[in-house]
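If you want the building blocks of each chain, they are given just below.
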Amino acid sequence: MIPTVVWGTGNVGRAAIRAVVAHPMLSLVAVLVSSPAKVGKDAGELGGLGRRLGVAATDDVDAVLSGAGSGAPRAVVYAASGDVRPDGAIEDISRAVRAGAVVVTPSVYGMYDCTNAPPEIRDVLLESVEAGGGSLFVSGVDPGWANDVLPLLVSGLGSDIDTVRCQEIFDYSTYDQEEAVRHLIGMGHPLDYQPLMLAEGIPTMIWGGQLRMMARALGAELDGIEETLERRPLDTSVVTDTMGEFSAGTQGAVRFEVQGVVEGEPRIVIEHVTRIHAGCAPDWPVPPDGGAGAHRVIIEGRPRIEVTVEATDEGENRAAGGNATAAGRLVNAIDWLVEAEPGLFDALDVPLRPAVGRLGKK
């Protein structure tokens, strides 16, 4: 068994706990939290498993990474946010890699594409690998597989390809992350408010690595990356169960594209269509069943191929389903990474793993 730590118990961390517990080759040995209110709580409660696991959450990072009392962990699922604290996330991850752990995380956008990662990030993490013998695999929370392995797999089913389009279509009304939804994305703010996530250049910073990775896999050279952005106001005020009221006239929907330009045309596109209510911007793309969320890959060419993935978790919550698949992709890579040589890995390196030993088991 591979002793594994889950670091962070938010939307991704909850799913990571469940994924580690379900994996036949992993053993959950610790859960790290930053909130004093969570210290001492059982991992089963924090992960929404409905049963105790006998692993109490702690905020003692030194003790966990050194293995005080139980031996050093072999793997760390780093699920703490890197959105507003990128330097802190890199410092935490470097610390775990230096301790010799395999680290999997969605929290460092700059490492989606290891080959073209910014040197100021890559060099720090590579130094940690060389110093401690650990490894790092980064895959997106939006989720990463929808912007790398799935479109690349589907592209291999065609002959001529004009464009590769990856869509996330999402209704945030069921999401439980108010800070990100209101302030980073701007839902509920006046349309003249500048949310960080939509500032010029930020989408490229976040998703550009995935475009470059897909171009690399397809043998294409990008001329550059361009962005488009549309915002729509709410016609009427709406109230959500998790985040309260969003007033009429404020931002209710956002649609943006990050476009990889090849020979003057946008050929590889990552598109996000997000709403705070299904009634806002009804003319924009929606999931096939009109539900709360879906991920879609469209290959324009011959033949034209369209694949839509809908996932639910924690009841019928599609937000939780997307988080769970993102966490699953990361957690299910751990045993492969443990067997590999130490290093920095991205989605083109790490195969999508089948759920060996889990069919029909709970």
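As a reminder, the structure under discussion sits directly above these lines.
Residues numbered from 1 in each chain as written. Predicted model: local features only at pLDDT ≥ 70, side-chain atom pairs only at ≥ 80, totals over all residues. Heavy atoms only, no water.

The next subject is the overall build of the chain. Of regular secondary structure, the chain possesses 10 helices and 14 strands. Taken against the 2.2 N^0.38 rule, which gives 21 Å for 362 residues, the C-alpha radius of gyration of the chain at 20 Å falls within 12% of a compact globule. By principal-axis analysis of the C-alpha atoms, the chain measures approximately 55 × 45 × 45 Å. When contacts within the chain are restricted to residue pairs at least 6 apart in sequence, long-range pairs at least 24 apart make up 68% of them. By element, 51% of the accessible surface of the chain is carried by carbon and sulfur atoms, the whole surface being about 15700 Å². (Helix = DSSP H or I, 4+ residues; strand = E, 2+ residues; numbered from the N terminus. Rg over C-alpha atoms; globule rule 2.2 N^0.38 Å. Contact = heavy atoms within 4.5 Å. Areas by Shrake-Rupley, 256 points an atom, 1.4 Å probe, with all protein chains shown as cover.)

Turning next to helix 5 (residues 119-132). An ideal rise of 1.5 Å per residue puts 20 Å on 14 residues; helix 5 measures up with 19 Å between its terminal C-alpha atoms. The set of residues buried in helix 5 consists of Ile-121, Leu-125, Ser-128 and Val-129. Axial view of helix 5: buried residues confined to an arc of 100°, hence all on one face. Across helix 5 from its buried face, at more than 90 degrees, point the exposed residues Pro-119, Glu-120, Glu-130 and Ala-131. Turning to helix 5, the residues buried within the fold contact helix 4 (86-98), strand 5 (135-138) and strand 14 (344-345). Just downstream of helix 5 lies Gly-133, where phi reads positive at about 85°. (Expected span 1.5 Å × (residues − 1). Buried < 20%, exposed > 50% of the residue type's maximum accessible area, 1.4 Å probe, protein only. Arc of directions from axis to C-beta.)

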